[in-house]
Amino acid sequence: STVDEIRAQLQYREENAKNLEFFNADLSFGTDEKIYLDTNAKKMIVTSCSDFKENNPDIIDCTQILSFETEIEDNETELYYEDSDGNEQSYDPPKYSYAYEFHITFKVDSPYFDEISVDLNNGERPESKDSDLYVQQNMDMLGLKSIIGQWTHKMTPEEIQMGPIPGYFEQM
């Protein structure tokens, strides 16, 4: 890094710290590593610190989010039993245990990084799709996906040209 690049990054950190004073987190997702949203300003931060203003995490404006992906990773592990000779044997039919992981990855336009990946489970991995924990983590991920999707959706020319639904306003 050159001296100018270091100065630019220090200035960026100072400006970010000042802007954090105006960041009003009204939603959060996750427990250990959290995604905080300021839905009015359409900005987010990702941090594992409870006092994020002191930690100075990068503020990501919605215009910096180039894309994002959500994933539910299904980890399947075969279960075995020990036979009378002490050997590990497969059940017939095979039995499995499951653990589900909820991930979101943001591609961002930033001078210092281009991707943010967050594990929304924070150590708690549901073992069944029917569990309350799975439902809660899935709902959290879908809620986050919906908000970020609204922030980043760019209308297509077809959507703009469609205009209002014919007759819609006459019914009001």
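Calculation criteria
- Residues numbered from 1 in each chain as written.
- Predicted model: local features only at pLDDT ≥ 70, side-chain atom pairs only at ≥ 80, totals over all residues.
- Heavy atoms only, no water.
- Pairing = 2+ DSSP bridges.
- Helix = DSSP H or I, 4+ residues; strand = E, 2+ residues; numbered from the N terminus.
- Axes fitted to C-alpha atoms, helices over the stretch in contact; angles between N-to-C directions.
- Phe/Tyr/Trp six-rings, centres within 6.5 Å; stacked < 30°, edge-to-face > 60°.
- Buried < 20%, exposed > 50% of the residue type's maximum accessible area, 1.4 Å probe, protein only.
- Contact = heavy atoms within 4.5 Å.

A word on the sheet that holds strand E4 (residues 60–61). Spatial strand order, E1-E2-E3-E4: four strands in an open sheet with antiparallel pairing. Strands at the two margins of the open sheet, each flanked by one partner only, are strand E1 (27–29) and E4. Here E1 pairs with strand E2 (residues 34–38) via three bridges, running antiparallel. Paired with Leu27 across the two strands is Leu37, which belongs to E2.

Spatially, three strands are ordered E5-E6-E7 in an open sheet, and the strand pairing comes out antiparallel. In this open sheet, the two strands that pair with only one neighbour each are strand E5 (65–82) and strand E7 (115–119). On average, each strand axis in the sheet is inclined to that of its neighbour by 30 degrees, with strand direction left out of account. Examined bridge by bridge, strand E6 (residues 88–108) and E7 share five bridges and lie antiparallel to one another. Within the sheet, the bridge partner assigned to Thr105 lies in E7 and is Ser117.

So, about the packing of aromatic side chains. Summed over all chains, the structure comprises eight aromatic pairs. Summarising the aromatic geometry, the rings of Phe23 and Phe52 are spaced 5.8 Å apart at their centres and angled 85 degrees between planes, so their arrangement reads as edge-to-face. Remark: Phe52 occurs in helix H2 (residues 52–55) and Phe23 occurs in the loop between helix H1 (3–20) and E1; sequence separation between them is 29 residues. Phe52 carries the same exposure label as Phe23, and that label is buried. When the ring of Tyr36 is compared with that of Phe52, the centres are 4.9 Å apart and the planes differ by 45 degrees; the resulting orientation is tilted. Here the residue Tyr36 occupies a position in strand E2, and Phe52 occupies one in helix H2, the gap between them amounting to 16 residues. Phe52 shares its class with Tyr36; the two are buried.

Here E5 runs beside E6; their pairing, made up of 17 bridges, is antiparallel. Across the sheet, the residue bridging to Ile72 is Phe102, located in E6. Counting the residues that bridge the hairpin from E5 to E6 gives five residues, and of these Gly86 lies at a positive phi of roughly 85 degrees.

Turning our attention to the environment of Lys34. Within the secondary structure, Lys34 is located in strand E2. Residues Lys34 and Cys49, 15 residues apart in the sequence, show an inter-C-alpha distance of 8.3 Å. Setting aside anything within four residues of it in sequence, one finds Lys34 in contact with Ser28, Phe29, Ile45, Val46 and Thr47.

Residues Asp92 and Pro93 are joined by a peptide bond in cis, for which omega reads 0 degrees. The topology assignment puts Pro93 in strand E6. Although it is not a glycine, Lys42 adopts a positive phi angle of roughly 55 degrees. As for its position among the elements, Lys42 is in the loop between E2 and strand E3 (43–47). The phi angle at Asn56 is positive, at roughly 60 degrees, despite the residue not being glycine. Among the structural elements, Asn56 can be located in the loop between H2 and E4.

Keep in mind that these numbers describe shape and distance, not what the molecule does.
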